[in-house]
Number of protein chains: 2
Amino acid sequence: MSQHEPLGFGHPKVQRLRRLVGRRSARYDEGAFVIEGPGLIAEAVAAGWSIEAQFVAPGGTPVYGASQVFELGVGVIERVASTETPQPLLAIAAMPARSLGDLVRPTFIAVAAAIADPGNLGTILRSAEAAGAEAVVTLAGTVDCYSPKVVRSSAGALFHIPVIGPATPADLSAMGLIVVGTSSHEGVAYSEFDWTQPVAVMVGNEAHGVSDDLAVDARVTIPHRGRAESLNVAMAATILCFEVARQRTHHASRS
Amino acid sequence: MSQHEPLGFGHPKVQRLRRLVGRRSARYDEGAFVIEGPGLIAEAVAAGWSIEAQFVAPGGTPVYGASQVFELGVGVIERVASTETPQPLLAIAAMPARSLGDLVRPTFIAVAAAIADPGNLGTILRSAEAAGAEAVVTLAGTVDCYSPKVVRSSAGALFHIPVIGPATPADLSAMGLIVVGTSSHEGVAYSEFDWTQPVAVMVGNEAHGVSDDLAVDARVTIPHRGRAESLNVAMAATILCFEVARQRTHHASRS
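Reference entry: report on the structure contained in this document. (Residues numbered from 1 in each chain as written. Chains lettered and ligands numbered in written order. Predicted model: local features only at pLDDT ≥ 70, side-chain atom pairs only at ≥ 80, totals over all residues. Heavy atoms only, no water.)

1. Considering the overall build of chain A
Looking only at helices and strands, chain A features eight helices and 11 strands. In summary, chain A has a C-alpha radius of gyration of 20 Å against a globular reference of 18 Å for 255 residues, a match within 12%. If you line up chain A on its principal axes, its C-alpha atoms span 65 × 40 × 30 Å. Residue burial in chain A is summarised as follows: out of 255 residues, 53% are buried. When contacts within chain A are restricted to residue pairs at least 6 apart in sequence, those whose partners lie at least 24 apart make up 74%. Counting only carbon and sulfur atoms, one obtains 52% of the accessible surface of chain A, whose full area is about 10800 Å². (Helix = DSSP H or I, 4+ residues; strand = E, 2+ residues; numbered from the N terminus. Rg over C-alpha atoms; globule rule 2.2 N^0.38 Å. Buried < 20%, exposed > 50% of the residue type's maximum accessible area, 1.4 Å probe, protein only. Contact = heavy atoms within 4.5 Å. Areas by Shrake-Rupley, 256 points an atom, 1.4 Å probe, with all protein chains shown as cover.)

Next comes the structure, spelled out in structure tokens:
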């Protein structure tokens, strides 16, 4: 432990934690964000992310060797964390500097176009990572991937796949990717599309879908056998990402 | 309106509502459950479900012609509904009597084996319904499909696909279905399996998967390209149900 007196709610370090949990602008001003709970913090450490400090509440245990450790006083973490019954450990991590230029000849990118719900973006990260996408690119209007709810709902996928943005469809086209927008009602059936090409698979806003204003090279749709509108955007992203992976596995085994 | 004095929290009808929201045993004793919010209630009505009564809070509007309507007093719905900020309408619906015998030569059943999380069961219902499954069958230990959180998270799919249970794998085998268990680590790759056969696609408990005690005819797994364990059971069910649909579409177009 690097200090002996537990930090109270008014301590500048605690106030900084609170700002990083609550405000996107604070996160980007400082290039830092908060990870909640020992499981996710350990996963970030294992994946090589830089942890600046850990804050342990009474009853908690810091992740060994990861960073400086500060103790929080009784009742402090409940006023700072994003959940009602927080786990007794928070960490501040540094946001990595990332740009599309980091991607060398990408062949499979997932694109979140104005995704508003943190849980949906978290699921998109999980699906893209599990299906082997090289990155998730966010377009303008997408919820911050470093917001506490996205960090939590990504279940650690955030630490294993680069998230880059905001970008535009033109940026992706310029990298040689075919930009494929998903639609709930128009386009070719997703399983008829050739996903072995270099693709950027774009899913859109929960209410409005992929905007007509976005320049896409193709549109695909997921045919429903049941009543319309029962798939949400996160489920659609999961189906599409795994169709990309499936086609590439079969393509590789045939050639 | 069928009465003039709004019902208070202590009224027997309100206490019944509260029991049906909160207790599985009360739902099955009475063969009734609660649907929350005008959107879901309207969807149930449109799908032909029998609504016994509607309870409208101040500011709410009942679904026209669906049932008897009762008014709730100020502050009552907040003490009865399952959400913190409820929509101002609840309905009591009759549970349909259903059994495996209703299914005539089924070819595609989704099976929930000890699914504990209501949100996951809701997503399984959505995926199964959208992919064209004929029913969702629940095995022992699965959360009640008529619990308020499942009703809500199914986004209406509950009203469009029969949910039947509890059943056993032997019941499904006896109907001529190949019972396919999903595993996070063993079995044939799901995309190599022939889903054009009559199948019961089984997903298992969030922590323990499909129990070894369950008699399955085959096991499939979803290969991950990324870090292990990033798909949850609801995402797995979505991928599997849509692979069944995809193979059948392709099979049909080839034959």
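2. Structural notes on helix α5 (residues 118-131) of chain B
An α-helical turn contains 3.6 residues, so a residue and the one three or four places further along point in the same direction. All names here are of chain B. Compared with the 20 Å implied by 1.5 Å per residue over 14 residues, the 20 Å span of α5 between its first and last C-alpha is a close match. With 13 of 14 residues buried, α5 lies mostly within the body of the structure. Between the side-chain oxygen at the start of α5 and the backbone nitrogen of Gly119 there is a gap of 3.0 Å, and the oxygen is on Asp117. Note on α5: the residue one or two positions beyond its end, Gly132, has a positive phi of about 95°. (Expected span 1.5 Å × (residues − 1). Polar contact = N/O pair within 3.5 Å; in protein donor to acceptor, adjacent residues only side chain to side chain.)

3. A word on the interface of chain A and chain B
Contacts between the two partners involve 34 residues from chain A and, on the opposite side, 34 residues from chain B. Carbon and sulfur atoms supply 52% of the area buried between chain A and chain B, which totals about 2700 Å² over both sides. Taken together, chain A and chain B are joined by two salt bridges. Among the ionic pairs, Arg246 of chain A bridges to Glu243 of chain B, the shortest N-O distance being 3.9 Å. Of all elements in the fold, only α5 (118-131) and α8 (233-254) of chain A reach the threshold of two or more residues within the side of chain A that touches chain B. (Buried area = accessible area lost by both parts, 1.4 Å probe. Salt bridge = Lys/Arg side-chain N within 4 Å of Asp/Glu carboxyl O.)

4. Considering helix α3 (residues 38-46) of chain A
All names here are of chain A. The set of residues buried in α3 consists of Leu40, Ile41 and Ala44. Projected down its long axis, α3 shows its buried positions confined to an angular sector of 100°, all on one face. Just downstream of α3, Gly48 is the residue with a positive phi angle, here 90°. (Arc of directions from axis to C-beta.)

5. Quick notes on the pattern of salt bridges
Residue and element names in this part refer to chain A. The full count for this structure, using the stated rule, is 18 salt bridges over all chains. With its nearest N and O atoms 2.5 Å apart, the salt bridge here joins Glu30 to Arg16. Pair noted here: Glu30 is in helix α2 (residues 24-30) and Arg16 is in helix α1 (residues 12-22), with a separation of 14 residues, a long-range link. Here Glu30 falls in the partly exposed class, since its relative accessible area comes to 32%. Here Asp144 ties to Arg27 by a salt bridge, and the two come within 2.7 Å at their closest N and O atoms. One end of the pair, Asp144, is in the loop between β6 (135-139) and α6 (148-153); the other, Arg27, is in helix α2, and 117 residues separate them in sequence.

6. Details of the sheet that holds strand β1 (residues 32-36) of chain B
Residues and elements named next belong to chain B. Strand order in the open sheet formed by four strands is β1-β4-β2-β3, with mixed pairing between adjacent strands. The open sheet is flanked by β1 and β3 (68-71), the only strands paired with a single partner. Each neighbouring strand pair of the sheet contributes to a mean axis angle of 25°, computed without reference to strand direction. Examined bridge by bridge, β1 and strand β4 (residues 89-94) share five bridges and lie antiparallel to one another. Across the sheet, the residue bridging to Val34 is Ile92, located in β4. Helix α1 (residues 12-22) contacts β1, β2 (51-56), β3 and β4 of the sheet and is inclined by roughly 90° relative to β1. (Pairing = 2+ DSSP bridges. Axes fitted to C-alpha atoms, helices over the stretch in contact; angles between N-to-C directions.)

7. Focus: empty space enclosed by the protein
According to the stated counting rule, one finds four cavities of 30 Å³ or more in the structure shown. Breaking the lining of the largest cavity down by element, the ones donating at least two residues are α8 of chain A together with α8 (233-254) of chain B. Among the residues making up the lining of the largest cavity, the classes are represented as six nonpolar, no polar and two charged. Volume-wise, the second largest cavity comes out at about 50 Å³. Together, Ala110, Val111, Ala112, Ile124, Val201, Val203, Ala237, Leu240 and Cys241 of chain A line the second largest cavity. Going through the elements one at a time, β5 (108-112), β10 (199-203) and α8 of chain A are the ones with two or more residues in the lining of the second largest cavity. Among the residues forming the lining of the second largest cavity, the class breakdown is nine nonpolar, no polar and no charged. (1 Å grid on protein atoms, 1.4 Å probe; cavity = no way out; pocket = protein on both sides within 12 Å on 5 of 7 lines; lining within 4 Å. Points joined across faces, edges and corners; volume = space filled by probe spheres on them. Nonpolar A, V, L, I, M, F, W, Y, C, P; charged D, E, K, R; others polar.)

8. A word on the relation of the copies chain A and chain B
The two copies are related by a screw motion: chain A maps onto chain B through a turn of 180° and a shift of 0.0 Å along the axis, at an RMSD of 0.0 Å. Here the copies are linked by what is in effect a two-fold axis. Among all residues of chain A, the one whose C-alpha sits closest to the rotation axis is Ile239 of chain A, at a distance of 2.8 Å. (Least-squares fit on C-alpha atoms with pLDDT ≥ 70 in both.)

9. Quick look at the environment of Ala94 of chain B
All names here are of chain B. Residue placement: Ala94 occurs in strand β4. Ala94 sits in the partly exposed class, given a relative accessible area of 27%. Between the C-alpha atoms of Ala94 and Ser50, which are 44 residues apart in sequence, the distance is 5.8 Å. Excluding residues within four positions of it along the chain, Ala94 makes contact with Gly31, Ala32, Phe33, Trp49 and Ser50.

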